[in-house]
Amino acid sequence: MVDEQAGQGNGRGPGRPREERVTRAVLDAVVALVAEQGMGAVTMDAVATRAGVSKPSMYRRWPTKQDLVIAAAESRVGPLAVPDMGDFRAELRAVLMARMEAYRQPGVDRLLAGVMAAAADPGSERGAYGEYTARVTGEMRHIVERGIARGELRSGIDVDAAVTLVAASLVFRMVAEQRMPDERLVDSVVDLIGRAVGAPG
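Residues numbered from 1 in each chain as written. Predicted model: local features only at pLDDT ≥ 70, side-chain atom pairs only at ≥ 80, totals over all residues. Heavy atoms only, no water.

A.B. asks: Any chance you could break down the overall build of the protein for me, citing the residues and the numbers?
C.D. replies: A count of helical and extended segments in the protein gives 9 helices and 0 strands. Written out in order from the N terminus, the α and β elements of the protein read α-α-α-α-α-α-α-α-α. Expressed along its principal axes, the backbone C-alpha trace of the protein runs to roughly 70 × 40 × 30 Å. The proportion of buried residues among the 201 residues of the protein is 40%. Summarising the internal contacts of the protein: among those between residues at least 6 apart in sequence, 66% fall at separations of at least 24. Carbon and sulfur atoms make up 53% of the accessible area of the protein, which totals about 10,400 Å². Considering the protein, the positive charge centre built from 26 side chains and the negative charge centre built from 27 side chains are found 4 Å apart. (Helix = DSSP H or I, 4+ residues; strand = E, 2+ residues; numbered from the N terminus. Buried < 20%, exposed > 50% of the residue type's maximum accessible area, 1.4 Å probe, protein only. Contact = heavy atoms within 4.5 Å. Areas by Shrake-Rupley, 256 points an atom, 1.4 Å probe, with all protein chains shown as cover. Lys, Arg positive; Asp, Glu negative; His and termini not counted. Charge placed at Lys NZ, Arg CZ, Asp CG, Glu CD.)

A.B. asks: Could you give me a rundown of unusual backbone geometry, with the residues and numbers involved?
C.D. replies: In the Ramachandran plot, Gln-178 falls in the positive-phi region, its phi being about 60° despite a non-glycine side chain. By secondary structure assignment, the location of Gln-178 is in the loop between α8 (159–176) and α9 (183–197).

A.B. asks: Outline the nonpolar core, listing residues and values.
C.D. replies: Within the largest apolar cluster, 60 residues are counted, with the highest numbers of intra-cluster contacts made by Val-26, Val-47, Met-58, Leu-68, Phe-88 and Met-140. At the level of elements, α1 (15–37), α2 (44–51), α4 (65–76), α5 (88–103), α6 (108–119), α7 (126–150), α8 and α9 are the ones that each hand at least two residues to this core. Beyond its immediate stretch of four places on either side in the chain, Met-58 contacts Val-26, Met-44, Val-47, Ala-48, Val-53 and Leu-68. (Core = buried A, V, L, I, M, F, W, Y, C linked by side-chain atoms within 4.5 Å.)

A.B. asks: With reference to specific residues and values, describe the environment of Met-44.
C.D. replies: Looking at the element boundaries, Met-44 is found in helix α2. With 39 residues separating them in the primary sequence, Met-44 and Pro-83 have C-alpha atoms 39 Å apart. Residue contacts for Met-44: discarding those within four places in its chain leaves Lys-55, Met-58, Tyr-59, Trp-62, Pro-63, Thr-64, Lys-65 and Leu-68.

A.B. asks: How would you explain the packing of α6 against α8 if you had to name every residue and give the values?
C.D. replies: Between α6 and α8, whose axes approach to 9 Å, the crossing angle comes to 100°. It follows from the interaxial angle that α6 and α8 lie roughly perpendicular. Here Asp-109, Leu-112, Ala-113 and Met-116 of α6 come into contact with α8, specifically with Val-171, Met-174 and Val-175. Per-class residue counts for the contact of α6 with α8 are 6 nonpolar, no polar and 1 charged. (Axes fitted to C-alpha atoms, helices over the stretch in contact; angles between N-to-C directions. Parallel < 35°, antiparallel > 145°, perpendicular 65-115°, else oblique. Nonpolar A, V, L, I, M, F, W, Y, C, P; charged D, E, K, R; others polar.)

A.B. asks: Tell me about the pattern of salt bridges, and name the residues and values.
C.D. replies: Enumeration according to the criterion identifies 15 salt bridges in this entry. A salt bridge links Glu-91 to Arg-146; the shortest N-O distance between them is 3.1 Å. Within this pair, whereas Glu-91 is found in helix α5, its partner Arg-146 is found in helix α7, the two being separated by 55 residues in sequence. For Glu-91, a relative accessible area of 0% puts it in the buried group. The exposure class of Arg-146 is buried, given its relative accessible area of 12%. One connected set of salt bridges, linked through shared partners, spans Asp-84, Glu-91, Arg-146, Arg-150 and Glu-152. (Salt bridge = Lys/Arg side-chain N within 4 Å of Asp/Glu carboxyl O.)

A.B. asks: Hey, could you go over the confidence of the model for the protein for me, with residue numbers and the actual values?
C.D. replies: Per-residue pLDDT for the protein has a mean of 89; in total, 92% of the residues score no lower than 70. Between the elements of the protein, mean pLDDT differs from a low of 87, seen in α6, to a high of 97, seen in α5. Note on residues 2–12: pLDDT under 50 across the span, and 20 contacts to partners over four residues away in sequence or across chains. (pLDDT = per-residue confidence, 0-100.)

A.B. asks: So what's going on with the layout of surface pockets? Which residues, and what values?
C.D. replies: Volume-wise, the largest pocket comes out at about 560 Å³. What lines the largest pocket is a set of 23 residues, and nearest its centre among them are Thr-133, Val-136, Thr-137, Ala-167 and Val-171. For the lining of the largest pocket, the elements supplying multiple residues, two or more each, are α5, α6, α7 and α8. For the lining of the largest pocket, the element with the most residues is α8, which contributes 8 residues. Classifying every residue of the lining of the largest pocket gives 19 nonpolar, 3 polar and 1 charged. (1 Å grid on protein atoms, 1.4 Å probe; cavity = no way out; pocket = protein on both sides within 12 Å on 5 of 7 lines; lining within 4 Å. Points joined across faces, edges and corners; volume = space filled by probe spheres on them.)

Below you can see the structure in the form of structure tokens.
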């Protein structure tokens, strides 16, 4: 069993590598369970058994199932950074291609569908899901604001709406339409968004 308590008898702390192994084992187990059986299969007991870790070690990191599921989602689809390319469309394409690759990982489609469904659960802490979404879309917001500052995009555009349109395009294709996003969709979204928000002239 992988556990950060192992090895403490020799006077040494668990160390960061061991902690990282526990974290990786648990989050991989969540994704695997979702991919194989759906979100209903994700319980603290099932994840602990699949990961080969103790439940106390899990609860220290993720006090609730909600915390665990969000962490698993963020391990596959988390924040990213795109350098200043001097071109809004190039940066937008870089973000969407990175997201496309992340979404095509095994189990991510079911995982994200489960995260969205769980966000609507009456017992969920809405703020936690909102904070995750803000982290995931933060770079897209940065790119839009950078495009406005460069004069590529219209200054009066609704930044929130633009970010939502970009973020939703690939996710809707994957979760609602049950089709994996591809490079053709990425190019279409880049063109459509670029036309919609581009500065005239």
